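# Commentary on secondary and tertiary structure
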Amino acid sequence: MKRILEFTGTLLLVFGVCGVLRELTGWFSLMGLTRYVTEYFSFLHGRELFADIVIAVVGFALLMIADGQRRAAGR
């Protein structure tokens, strides 16, 4: 379970950060996964930067949960 959380958290964090950079600077046009998410959900139109930040924060939270599981298993 820990590995799944780490993998998912890492992916979400990378996609979120790349999405923020893409929105602010225009870089990482190939990493436009969040662009598809914002096109699919109509309530996110015009809020792409907010969606990218939320995706990055969720990824970071998953990494912290995985780290907490690792520390709890180490006791």
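Residues numbered from 1 in each chain as written. Predicted model: local features only at pLDDT ≥ 70, side-chain atom pairs only at ≥ 80, totals over all residues. Heavy atoms only, no water.

### Considering the pattern of salt bridges
Between side chains of opposite charge, a pair can form when the charged atoms approach closely. Heads up, the condition is: Put simply, a salt bridge is a Lys or Arg side-chain nitrogen that is within 4 Å of an Asp or Glu carboxyl oxygen. The secondary structure listing takes helices from DSSP runs of H or I that are at least 4 residues long and strands from runs of E that are at least 2 residues long, numbered from the N terminus.
Taken as a whole, this structure holds 3 salt bridges when the rule is applied. Among the salt bridges present, the one from Lys-2 reaches Glu-6, with a minimum N-O distance of 4.0 Å. Of the two residues, Lys-2 and Glu-6 both sit in helix α1 (residues 2-25), 4 residues apart, roughly one turn of that helix. A single salt-bridge network, built from bridges that share partners, covers Lys-2, Arg-3 and Glu-6.

### Some thoughts on the packing of α1 against helix α3 (residues 48-73)
Operational definition: A fitted line through C-alpha atoms serves as each axis, taken over the contacting stretch for helices, and the angle formed by two N-to-C directions is quoted from 0 to 180°. An angle counts as roughly parallel when it lies under 35 degrees, as roughly antiparallel when it exceeds 145, as roughly perpendicular when it falls between 65 and 115, and as oblique in every other case. A crossing counts as left-handed when the near helix is turned anticlockwise from the far one by less than a right angle, and as right-handed when that turn is clockwise. Ten residue types, Ala, Val, Leu, Ile, Met, Phe, Trp, Tyr, Cys and Pro, are classed as nonpolar, four, Asp, Glu, Lys and Arg, as charged, and the remainder, Gly among them, as polar.
For the pair α1 and α3, the least separation of the axes is 7 Å and the interaxial angle reads 155°. One way to sum up the angle between α1 and α3 is to call them roughly antiparallel. Crossing of α1 over α3 shows left-handed handedness. A per-class count over the contact of α1 with α3 returns 16 nonpolar, 7 polar and 7 charged.

### Digging into the packing of aromatic side chains
Centre distance and the angle of the planes are the two values used to describe a pair of aromatic rings. Definition in use: For Phe, Tyr and Trp, rings pair up if their centres lie within 6.5 Å, where Trp contributes its six-membered ring, and each pair is then called stacked (planes under 30 degrees apart), edge-to-face (over 60) or tilted (otherwise). Accessibility here uses a 1.4 Å probe with only protein chains present; expressed as a share of the type maximum, an area under 20% marks a residue as buried, one over 50% as exposed, and anything in between as partly exposed.
Under the defined criterion, the tally for this structure stands at 2 aromatic pairs. Considering the side-chain rings of Tyr-40 and Phe-41, the 5.0 Å spacing of their centres and the 80° angle between planes classify their relative orientation as edge-to-face. For Tyr-40, a relative accessible area of 67% translates into the label exposed. For Phe-41, a relative accessible area of 35% corresponds to the partly exposed category. An aromatic cluster is defined as three or more aromatic residues linked by ring pairs; in this entry it consists of Tyr-40, Phe-41 and Phe-43.

### Observations concerning the confidence of the model for the protein
The cut-off we apply is this: Every residue carries a pLDDT, the predictor's confidence in it, which falls somewhere between 0 and 100.
Overall, the predicted model of the protein reaches an average pLDDT of 86, with 95% of residues at or above 70. Predicted confidence in the protein is weakest over helix α2 (residues 33-40), with a mean pLDDT of 78, and strongest over α1, with 91.

### Describing α1
Convention followed: Multiply 1.5 Å by the residue count of a helix minus one, and that product is the helix's expected span. Any two residues having at least one pair of non-hydrogen atoms within 4.5 Å are treated as being in contact.
Helix length check: α1, at 24 residues, gives a terminal C-alpha distance of 34 Å against a target of 34 Å (1.5 Å per residue), a fit within 8%. Looking at the buried positions of α1, the neighbouring elements they touch are α2 and α3. In the stretch just after α1, Gly-26 is the one whose phi turns positive, near 90°.

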